[in-house]
Amino acid sequence: LYLTMKTAAFLAIIAFGAQCATGFTTSPNFQLQSTTSTTVCSMGLFDFFSEDARKEREERKQREVEEQERYQREIIARRSNPDKMEEYEARVRVRRQLRMNGEDEAADAMDMYSGDDEKIVGLN
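Computed from a predicted structure; not experimentally measured.

> Please provide a residue-by-residue account of the overall build of the protein, values included.
Tallying secondary structure elements over the protein gives four helices and zero strands in all. Along the chain direction, N to C, the helices and strands of the protein fall in the order α-α-α-α. A total of 124 residues make up the protein; the buried ones form 10% of that total.

> Break down the pattern of salt bridges for me, citing the residues and quoting the values.
Taken as a whole and assessed by the stated rule, the structure comprises six salt bridges. The closest approach of N and O atoms between Arg 99 and Asp 108, which form a salt bridge, is 2.5 Å. A single network of salt bridges, built from pairs that share partners, joins Glu 51, Arg 54 and Glu 58.

> Tell me what's going on with helix 3 (residues 82-100), and back it up with residues and numbers.
Compared with the 27 Å implied by 1.5 Å per residue over 19 residues, the 27 Å span of helix 3 between its first and last C-alpha is a close match. Of all the residues in helix 3, the buried ones are Arg 91, Val 92 and Leu 98. Each buried residue of helix 3 lies within a common arc of 120° when the element is viewed along its axis, so the set occupies one face. Pointing more than 90 degrees away from the buried face of helix 3 are the exposed residues Pro 82, Asp 83, Glu 86, Arg 93, Arg 96 and Met 100. Looking at the buried residues of helix 3, the elements they touch are helix 4 (104-109). One side-chain oxygen of the residue at the start of helix 3 lies 3.0 Å from the amide nitrogen of Asp 83, identifying that residue as Asn 81.

> Before we move on, could you go through helix 2 (residues 51-80) and cite the residues and values that matter?
Helix length check: helix 2, at 30 residues, gives a terminal C-alpha distance of 44 Å against a target of 44 Å (1.5 Å per residue), a fit within 8%. Here helix 2 has its buried residues at Ala 53, Arg 73, Glu 74, Ile 75, Ala 77 and Arg 78. Turning to helix 2, the residues buried within the fold contact helix 3.

> Tell me about the packing of aromatic side chains, and please be specific about residues and values.
Each aromatic ring pair is described using two quantities: the centre-to-centre distance and the angle formed by the ring planes. What the rule picks out here adds up to zero aromatic pairs. Geometry around Tyr 71 places Arg 70 over its ring, the cationic atom sitting 5.2 Å from the centre. Directly above the aromatic system of Tyr 88 lies the positively charged group of Arg 78, at a separation of 3.7 Å from the ring centroid.

> Could you give an account of a nonpolar patch on the surface, naming the residues involved and the relevant values?
On the surface, Phe 10, Leu 11 and Ile 14 cluster together to form a nonpolar patch covering roughly 330 Å² of accessible area. By secondary structure assignment, the location of Phe 10 is in helix 1 (residues 2-20).

> Tell me about the packing of helix 2 against helix 3, residues and numbers included.
At a minimum axis separation of 5 Å, helix 2 and helix 3 run at an interaxial angle of 110°. Here helix 2 lies roughly perpendicular to helix 3, going by the angle between them. Residues Ala 77, Arg 78 and Ser 80 of helix 2 form the contact with helix 3, whose own contacting residues are Pro 82, Lys 84, Met 85 and Tyr 88. When the residues that make up the contact of helix 2 with helix 3 are grouped by side-chain class, the tally is four nonpolar, one polar and two charged.

> Give a detailed account of the confidence of the model for the protein, specifying residues and quantitative values.
When pLDDT is averaged across the protein, the result is 78; 63% of the residues are at 70 or more. Summarising per-element confidence for the protein, the mean pLDDT is lowest in helix 1 (71) and highest in helix 3 (93).

Conventions adopted
Residues numbered from 1 in each chain as written. Predicted model: local features only at pLDDT ≥ 70, side-chain atom pairs only at ≥ 80, totals over all residues. Heavy atoms only, no water. Helix = DSSP H or I, 4+ residues; strand = E, 2+ residues; numbered from the N terminus. Buried < 20%, exposed > 50% of the residue type's maximum accessible area, 1.4 Å probe, protein only. Salt bridge = Lys/Arg side-chain N within 4 Å of Asp/Glu carboxyl O. Expected span 1.5 Å × (residues − 1). Arc of directions from axis to C-beta. Contact = heavy atoms within 4.5 Å. Polar contact = N/O pair within 3.5 Å; in protein donor to acceptor, adjacent residues only side chain to side chain. Phe/Tyr/Trp six-rings, centres within 6.5 Å; stacked < 30°, edge-to-face > 60°. Lys NZ or Arg CZ within 6 Å of the ring centre and 35° of its normal. Patch = residues over 30% accessible without salt bridge, like charges linked within 9 Å, V, L, I, M, F, W, Y side chains within 5 Å. Areas by Shrake-Rupley, 256 points an atom, 1.4 Å probe, with all protein chains shown as cover. Axes fitted to C-alpha atoms, helices over the stretch in contact; angles between N-to-C directions. Parallel < 35°, antiparallel > 145°, perpendicular 65-115°, else oblique. Nonpolar A, V, L, I, M, F, W, Y, C, P; charged D, E, K, R; others polar. pLDDT = per-residue confidence, 0-100.

Right, dumping it as structure tokens:
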């Protein structure tokens, strides 16, 4: 009988404590609103396999390749033209001086390539 009373008292205390304990729970929201979205939700990892994602990756890769090829043509043209090489070396000296003076942002903002697409026989 004593063991049964002890167990009953323990269960009553647990039940009362569980009913009163709201410290780590959210309060119930009585105004539930449901919204529906007609937009496509990106799901992270699985979007990698979609057709649109594949096309976008291929286009980005193609743009990067074209940009690198343009830079390479400019480097080759600069090496074969002493005037362009001198101009490039002057830009390098200015950029180095900016870095030595602690002006890293200005040095990063310097454009080392002219942006002109050089035509080189045998590469274009």
